[in-house]
Amino acid sequence: MEGYTKKPAVKEAMSHINIIKNGSIFIENGKIVETGPEEKIRQKYQAHLQSAKHIDATGKVVVPGLVDPHTHLVHAGTRENEYAMRLTGRSYMDIMKSGGGIHATTRATQQASLKQLYDESEERLNQFLLHGVTTVEAKSGYGLTLEHELKQLEVAKQLDKDHPFDLVSTFMGAHAVPMDEKDNPDRFVKRVIEEMLPEVAKKKLAVFNDVFCERGVFTPEQSRRILEAGKEYGLTPKIHADEIEPYEGAELAAEVGAISADHLLKASEQGIKKMAEAGVIGVLLPGTAFFLMAEFAEARKMIDAGVAIALSTDANPGSSPTISLPFMMNLGCLKMGMTPEEVLTATTINAAHAIGCAESIGSLEPGKKADVTIFKVPNYLTLSYKYGINHVDTVVKAGVPVVEGGQLK
Ligand code: NIG
Ligand code: FE
């Protein structure tokens, strides 16, 4: 996967994975010094062998620590009751309109203490690690008031500090119009822009600014206003685009210069073309299509059109209650026409690009952070061939083993 640090891999380049058979990695001070054939590395770093910790990955597959570029990690509670309702025919948007959905998790998150929110999120973070993920993006958006949006972002910041794990934060005050503002959505948009954005920026609590641009939530025009305002504060736009209905979200992402447009289940041909031209990364979340029993995003078409694709769990309690990025790789192959090589690119270097971190993570290259995942499979094809199994054996974060033998250290 060398050579895609400056720009994400597109088209055929998404299939270029650089395999070293019987390879070795020499790591020092948390960074990768060199990768190459084992004999070569052993000879070159002979002098260090006595003092170095040696991890034997014989018969296993070693990949860059996986990167999840779209999660709603910090939230309280679960919504299995809505899952049961959907199984008998209620729709996701219908449940939300009647005060459930995002509103239900917002109530739970508002009521949760900082400690409860921290503990619940930490549990999920550990699960991510156990599934080979070493960096996640984490969105706010279940606070919907200044106080509670800040609370969510503070929890993400604290988790990032306390853990070897890396978190990259996104402000998503425009995740839903609160129930008590539903007759005056523009007033809430104004509040996001004038009350929340400046505080989030002042406290340096987020790098990105995301909006749920969807019929019945925020219109493309309202989304544009929020994303343009975020830019003024140095926050890079991201969009939940064309998830449930076609709504020109992909087009908007290209127009506002978003780093990524996410979901894209219903993205138009024109929108896909515009994204490719503008270099907007498509973050696809097949767990959401799976769980909402919807049609999957057209990854094959997007890759062929030149859109750089990344994959993510969308980890959240309503539309994708999972943390298994490897399962998203399975779904990418089986449901979205991607190849096993492409899904690896989409969960490593392209995912790192989608959160602006490709300079430091996403590939096993000299100088990058030594984030490494070792799967107990004989070859990378087996990762998605034997599905529904957690194949993670070892996870190394910044040079330190944090998972060994499939267990947290
Ligand atoms: O990415 N679409 C909006 N937000 C989330 C779902 C949030 C929820 O249902 O709690 C998503 O699908
Ligand atoms: Fe999401």
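What you see is a predicted model; the values in this text were computed from it and never measured.

Student: Looking at this model, I keep getting lost on the side chain of E365. Mind explaining?
Tutor: For E365, the location among the structural elements is in the loop between α15 (349–354) and β12 (372–375). A polar side-chain atom of E365 sits 3.2 Å from a polar atom in the side chain of T5.

Student: Mind showing me how you'd approach the environment of A250 here?
Tutor: Assignment of secondary structure puts A250 in helix α9 (residues 249–256). Accessibility expressed as a relative area gives 0% for A250, which makes it buried. Between the C-alpha atom of A250 and that of S360, which follows or precedes it by 110 residues, the distance is 28 Å. Those residues in contact with A250, other than ones at most four positions away along the chain, are A241, D242, L264, A267, G271, I272 and M275.

Student: Just checking my understanding: could you explain the pattern of salt bridges for this structure?
Tutor: Close approach of charged atoms allows side chains with opposite charge to pair. Under the defined criterion, the tally for this structure stands at 33 salt bridges. Across the pair K397 and D166 runs a salt bridge whose closest N-O atoms are separated by 2.7 Å. Here K397 is found in strand β13 (residues 392–397), whereas its partner D166 is found in strand β6 (residues 166–174), with 231 residues between them in sequence. Its relative accessible area of 2% is what places K397 among the buried residues. On the basis of relative accessible area, D166 is assigned to the buried category, the value being 19%.

Student: Teacher, can you tell me more about the site of ligand 1 here?
Tutor: For ligand 1, the set of nearby residues contains 15 residues, the closest of which are Y92, Y142, H175, E243 and S319. For ligand 1, a nitrogen atom lies 2.7 Å from a polar atom in the side chain of E243. In this structure, an oxygen atom belonging to ligand 1 sits 2.8 Å away from a side-chain N or O atom of H263. Notes on ligand 1: free accessible area 330 Å², of which the protein chains cover 100%. Looking at the shell around ligand 1 residue by residue, the class counts come to four nonpolar, eight polar and three charged.

Student: How should the environment of E120 be read in this particular structure?
Tutor: Positionally, E120 belongs in helix α5 (residues 114–130). With residues up to four places along the chain from it excluded, the contact list for E120 reads H75, A76 and G77. At a separation of 3.0 Å, a polar atom in the side chain of E120 contacts the main-chain amide nitrogen of G77.

Student: I keep staring at the packing of aromatic side chains and nothing clicks. Help me out?
Tutor: Two measures describe an aromatic ring pair: the distance that separates the ring centres and the angle between the ring planes. Using the criterion set out here, one finds four aromatic pairs in the structure. Judged by centre distance (4.1 Å) and plane angle (10°), the rings of F26 and Y45 are stacked. Note that F26 is positioned in strand β1 (residues 23–28) and Y45 in the loop between α1 (38–44) and β3 (61–64), a separation of 19 residues in sequence. Judged by centre distance (5.1 Å) and plane angle (15°), the rings of Y83 and F291 are stacked. Placement of the pair is Y83 in helix α2 (residues 80–87) and F291 in helix α11 (residues 286–292), with a sequence separation of 208 residues. The partly exposed category is assigned to Y83, whose relative accessible area is 38%. The aromatic ring of F208 is capped on one face by K238, whose charged end is 5.0 Å from the ring centroid.

Student: Looking at this model, I keep getting lost on the coordination of the iron ion (ligand 2). Mind explaining?
Tutor: Each angle at a metal carrying four tetrahedral donors should ideally be 109.5 degrees, and each at a metal carrying six octahedral donors should ideally be 90 or 180 degrees. Bound to the iron ion (ligand 2) on the protein side are H70 (NE2), H72 (NE2), H240 (NE2) and D314 (OD), at distances that span 2.1 to 2.3 Å. Every donor residue of the iron ion (ligand 2) comes from the same chain, spaced as H-x1-H-x167-H-x73-D. Note that H70 is positioned in the loop between β4 (66–68) and α2 and H240 in strand β8 (residues 236–241), a separation of 170 residues in sequence. Pair check on accessibility: H70 and H240 agree, each one buried.

Student: Could you clarify how one ought to interpret the sheet that holds strand β9 (residues 260–263) in this entry?
Tutor: Adjacent strands of a sheet pair through backbone hydrogen bonds, lying either parallel or antiparallel. One open sheet holds the eight strands; their spatial order is β4-β5-β6-β7-β8-β9-β10-β11, and the pairing between them is parallel. One side of each edge strand has no neighbouring strand; the edge strands of this open sheet are β4 and β11 (309–311). Within this sheet the neighbouring strands show an average axis-to-axis angle of 25°, counted without direction. As judged from the six bridges shared by strand β7 (residues 208–213) and β8, these two strands associate in the parallel manner. The residue bridging N209 from the neighbouring strand is P237, located in β8. Lying on the sheet, helix α6 (residues 146–162) is in contact with β5 (133–139) and β6; it crosses β6 at an angle near 175°.

Student: Can you walk me through the nonpolar core in this structure?
Tutor: For soluble globular proteins, nonpolar side chains are generally found buried alongside one another. In terms of nonpolar packing, the biggest core is built from 121 residues, with L167, F218, L264, L284 and M338 touching the most fellow members. If you tally residues by element for this core, the top one is helix α7 (residues 185–202), at seven residues. Not counting the four nearest positions on each side in its chain, M338 is found in contact with M14, A299, R300, I303, I309, L311, G332, C333, V343 and A346. Grouped together as the second largest cluster of nonpolar side chains are six residues, I32, L364, V372 and I374 included.

Student: Sorry, what's going on with the side chain of S169 here?
Tutor: Its place among the elements puts S169 in strand β6. The contacts of S169, once residues within four sequence positions are left out, are A138, L153, A156, L205, A206, V207 and F208.

Student: Looking at this structure, how should I read the pairing of β1?
Tutor: Alignment of β1 against strand β2 (residues 31–37), held across six bridges, turns out to be antiparallel. The residue of β2 that forms the bridge with E28 is K31. The turn joining β1 and β2, which pair antiparallel and follow one another in sequence, is formed by two residues; a positive phi near 50° is taken by N29.

Student: Even after reading the chapter, I still don't get the packing of helix α8 (residues 220–232) against α9, so can you show me in this structure?
Tutor: A packed helix pair is summarised by two numbers, namely the angle formed by the two axes and the spacing between the axes. Contact geometry of α8 with α9 gives a least axis separation of 11 Å together with a crossing angle of 25°. Considering the angle they form, α8 stands roughly parallel to α9. The two elements α8 and α9 cross, and the hand of that crossing is right-handed. When α8 is examined against α9, the residues P220, S223, R224, L227, E228 and K231 are found in contact with a partner set consisting of L252, E255 and V256.

Calculation rules
Residues numbered from 1 in each chain as written. Chains lettered and ligands numbered in written order. Predicted model: local features only at pLDDT ≥ 70, side-chain atom pairs only at ≥ 80, totals over all residues. Heavy atoms only, no water. Helix = DSSP H or I, 4+ residues; strand = E, 2+ residues; numbered from the N terminus. Polar contact = N/O pair within 3.5 Å; in protein donor to acceptor, adjacent residues only side chain to side chain. Buried < 20%, exposed > 50% of the residue type's maximum accessible area, 1.4 Å probe, protein only. Contact = heavy atoms within 4.5 Å. Salt bridge = Lys/Arg side-chain N within 4 Å of Asp/Glu carboxyl O. Near = heavy atom within 4 Å. Areas by Shrake-Rupley, 256 points an atom, 1.4 Å probe, with all protein chains shown as cover. Nonpolar A, V, L, I, M, F, W, Y, C, P; charged D, E, K, R; others polar. Phe/Tyr/Trp six-rings, centres within 6.5 Å; stacked < 30°, edge-to-face > 60°. Lys NZ or Arg CZ within 6 Å of the ring centre and 35° of its normal. Donors = N, O, S within 2.8 Å, 3.2 Å for Na, K, Ca; no water. Pairing = 2+ DSSP bridges. Axes fitted to C-alpha atoms, helices over the stretch in contact; angles between N-to-C directions. Core = buried A, V, L, I, M, F, W, Y, C linked by side-chain atoms within 4.5 Å. Parallel < 35°, antiparallel > 145°, perpendicular 65-115°, else oblique. Left-handed = near helix turned anticlockwise from the far one by under 90°.

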